Amino acid sequence: MYVIVLKYLAPLDVIDALKDAHYANPAGVFAKGMVRFAGPLVPRTGGLIIAEGEPSAIEAAVASDPFITQGAATADIFRFEPTWTPGKDAAAPSTP
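Predicted, not measured: the structure shown is a model, and the values here were computed from it.

Trainee: What exactly am I supposed to notice about the overall build of the chain here?
Mentor: Looking only at helices and strands, one finds 3 helices and 4 strands in the chain. When the helices and strands of the chain are listed from N to C terminus, the series reads β-α-β-β-α-α-β. Counting only C-alpha atoms, the chain reaches 45 × 30 × 20 Å along its principal axes. Counting over 96 residues, the chain shows a buried share of 28%.

Here it is in structure tokens:
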């Protein structure tokens, strides 16, 4: 599983103008069915995508995103390995 953090570099009017292309990009994470969750950060300084797929496919899909190709955002991709999910018999992890 991967966490993709988008950081907007362009003003929100530019981001909004690219939003349809961001979702419709045929080579992107949405069209390839990789996305499990996605949405904007609050305040709206970027976005977060939780995706599944092969590392090279995730990287290629993110690189093809119009936000990235148009220089409107940067993307950081992190591999994430969940160790706890709700609904398991174990109690929620404690916080230090």
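Trainee: In this structure, what is going on with the sheet that holds strand 1 (residues 2-8)? I would like to understand it.
Mentor: Strands pair in a sheet through their backbones, by hydrogen bonds, and they do so in one of two ways: parallel or antiparallel. Judged by pairing direction, the sheet is antiparallel, and its 4 strands sit side by side in the order 2-3-1-4 without closing on themselves. Because the sheet does not close on itself, it has two edges, and the strands there are strand 2 (35-40) and strand 4 (73-79). Across the sheet, the axes of successive neighbouring strands diverge by a mean angle of 15°, strand direction being ignored. With 7 bridges joining them, strand 1 and strand 4 adopt antiparallel strand pairing. In the sheet register, V5 faces strand 4, and the bridge partner there is D76.

Trainee: Honestly, helix 1 (residues 12-24) in this entry has me stumped. Any pointers?
Mentor: One turn of the α-helix equals 3.6 residues, which is why residues spaced by three or four share an orientation. Over its 13 residues, helix 1 runs 19 Å from end to end, which matches the ideal 18 Å to within 8%, given 1.5 Å per residue. Along helix 1, the sharpest kink reaches roughly 45°, centred on L18. When helix 1 is considered as a whole, its buried residues turn out to be I15, L18 and H22. Looking at the buried residues of helix 1, the elements they touch are strand 1, strand 3 (46-51) and helix 3 (66-69).

Trainee: Can you help me understand helix 2 (residues 55-63) in this one?
Mentor: Every buried residue of helix 2 is accounted for by I58, A61 and V62. Summarising the axial view, the buried residues of helix 2 lie within an arc of 95°, below the 170-degree limit, and thus occupy one face. If you follow the buried residues of helix 2, they end up packed against strand 1, strand 3, helix 3 and strand 4.

Trainee: Could you clarify how one ought to interpret the pattern of salt bridges in this entry?
Mentor: All told, the structure shown has 4 salt bridges when counted by the stated rule. Here D16 ties to K19 by a salt bridge, and the two come within 3.8 Å at their closest N and O atoms. Residue D16 and its partner K19 are located together in helix 1, separated by 3 residues, close to a single helical turn. Close ionic contact of R36 with E52 constitutes a salt bridge, the shortest N to O distance being 2.8 Å. Residue R36 is found in strand 2, and its partner E52 is found in the loop between strand 3 and helix 2; the two are separated by 16 residues along the sequence. On the basis of relative accessibility, which here comes to 33%, the residue E52 falls in the partly exposed class. Each member of the salt-bridge network shares a partner with another, and the members are D16, K19 and R44.

Quick notes on the rules
- Residues numbered from 1 in each chain as written.
- Predicted model: local features only at pLDDT ≥ 70, side-chain atom pairs only at ≥ 80, totals over all residues.
- Heavy atoms only, no water.
- Helix = DSSP H or I, 4+ residues; strand = E, 2+ residues; numbered from the N terminus.
- Buried < 20%, exposed > 50% of the residue type's maximum accessible area, 1.4 Å probe, protein only.
- Pairing = 2+ DSSP bridges.
- Axes fitted to C-alpha atoms, helices over the stretch in contact; angles between N-to-C directions.
- Expected span 1.5 Å × (residues − 1).
- Bend = angle between axes of the 7 residues up to and from the residue.
- Contact = heavy atoms within 4.5 Å.
- Arc of directions from axis to C-beta.
- Salt bridge = Lys/Arg side-chain N within 4 Å of Asp/Glu carboxyl O.

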